[in-house]
Structures are given as structure tokens and as C-alpha cells.
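Structural overview
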Amino acid sequence: MSFPVCPEPRKRDTRGLRHWVPRLILAAAVVHMAVGVVAAYPHWRGILSDGLWNTVHNDDDARMMALWFMVSGLAFFGFGLLVRRSVTATGAIPAETGWVLLAVGIPISVLEPVSGGWSLIAIGALSVTASRRDRPATGVDNDFEPAGARRPGSATGAGGPGE
């Protein structure tokens, strides 16, 4: 006799937090790039007026800062898109998301207390919380499988050998 497999009930409804973390990452990335454009406007104006090609040199700290501020904002935006895709595919926040944000945010906040590093810490803490709530009750920690998915050869969906 075969019984239908139902996903384990969650302790709390974390759907909101699970979907807000990627949005917060994307919003922080957009703010980061906007601040980069506004704060470094004179440098970007000079870069554009010089014709873009080979206009940022190693000895020009201001232009290097403007470039890397923008590049890191774009990388942060890509990270947000990747987390959003992961949440859509698996229904859970990957635990690494929060730890990466904390690993970046803590040193930034220590070295430059008046910065956006605190937002990374806050989003990282929310992400760690969401990923812990999303952890399956079965003890299986597989971030690459949608919630309630069955593995081949498994009647329970837990996927252990002999189950």
C-alpha cells in the first residue's frame, strides 16, 4: 500500500521572510550603486569625458574607488538575483547566504562604522534566521531540493539508504 508523501509542516510561516531577504539584497545593491554614482559623480563625469577606454589608472585612487564601488554593487545585485532564483527553485534560503553577508558586513562595519556594512549584517542575520526556519525537520540538509520533493527510490522523500 502506498501513502502520499506530504512535506513536513513548518513551525512558523516564513514565506514572507524567505521572499523578503532577496528583495532586501537587491534593494541594498541598487542603493549601493546609486550612492556610488552620486558620491563619485565628478569622477564618473571625468571618466566619461575622457572616453572610457583606459581612463582609470592605478595611481588615481578616486577613480579606482568609483569603479570598484560600482563593480561591487553590480556583484551584490547578481548575488541578490542568485538568492532569489534559489528561493524560487527550492523554496528556502540557502544558509550560505546569511553567512556570506555577515562575513562581508562585519569587517566593513568594524573598519568603517559609518557605512552600509550594518545593512549587510541585518540582512545576513535575517537570512540566517530564515534558513534555520526552512531547515527540514527530517535532519536532511539538502539546499538543492525543493521542499517536499521525493528522491528516486525513496518512499518517504527523506532519501536515506534503505528507506
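Residues numbered from 1 in each chain as written. Predicted model: local features only at pLDDT ≥ 70, side-chain atom pairs only at ≥ 80, totals over all residues. Heavy atoms only, no water.

A word on the packing of aromatic side chains. With the rule as written, the count across this model stands at zero aromatic pairs. A cation over an aromatic ring shows up here: R23 above the ring of W20, its NZ or CZ 5.0 Å from the ring centre. (Phe/Tyr/Trp six-rings, centres within 6.5 Å; stacked < 30°, edge-to-face > 60°. Lys NZ or Arg CZ within 6 Å of the ring centre and 35° of its normal.)

Once that is clear, we can look at helix 5 (residues 117-134). Taking 1.5 Å as the rise per residue, helix 5 with 18 residues should run 26 Å; its terminal C-alpha atoms sit 25 Å apart, in good agreement. For helix 5, the full list of buried residues reads G117, L120, I123, G124, S127, V128, A130, S131 and D134. Seen from one end, helix 5 has its buried residues packed into an arc of 165°, which puts them on one side. (Helix = DSSP H or I, 4+ residues; strand = E, 2+ residues; numbered from the N terminus. Expected span 1.5 Å × (residues − 1). Buried < 20%, exposed > 50% of the residue type's maximum accessible area, 1.4 Å probe, protein only. Arc of directions from axis to C-beta.)

Let's shift gears to the nonpolar core. Formed by 13 residues in total, the largest nonpolar core has its most connected members in V21, I25, F76, V83, I93, L101 and I123. Among the secondary structure elements, those contributing two or more residues to this core are helix 1 (15-39), helix 3 (61-90) and helix 5. Setting aside residues no more than four positions away along its own chain, I25 makes contact with F76, F79, G80, V83, T97, L101 and I123. Counting residues in hydrophobic clusters, the runner-up holds six residues, among them W44, I47, A66 and M70. (Core = buried A, V, L, I, M, F, W, Y, C linked by side-chain atoms within 4.5 Å. Contact = heavy atoms within 4.5 Å.)

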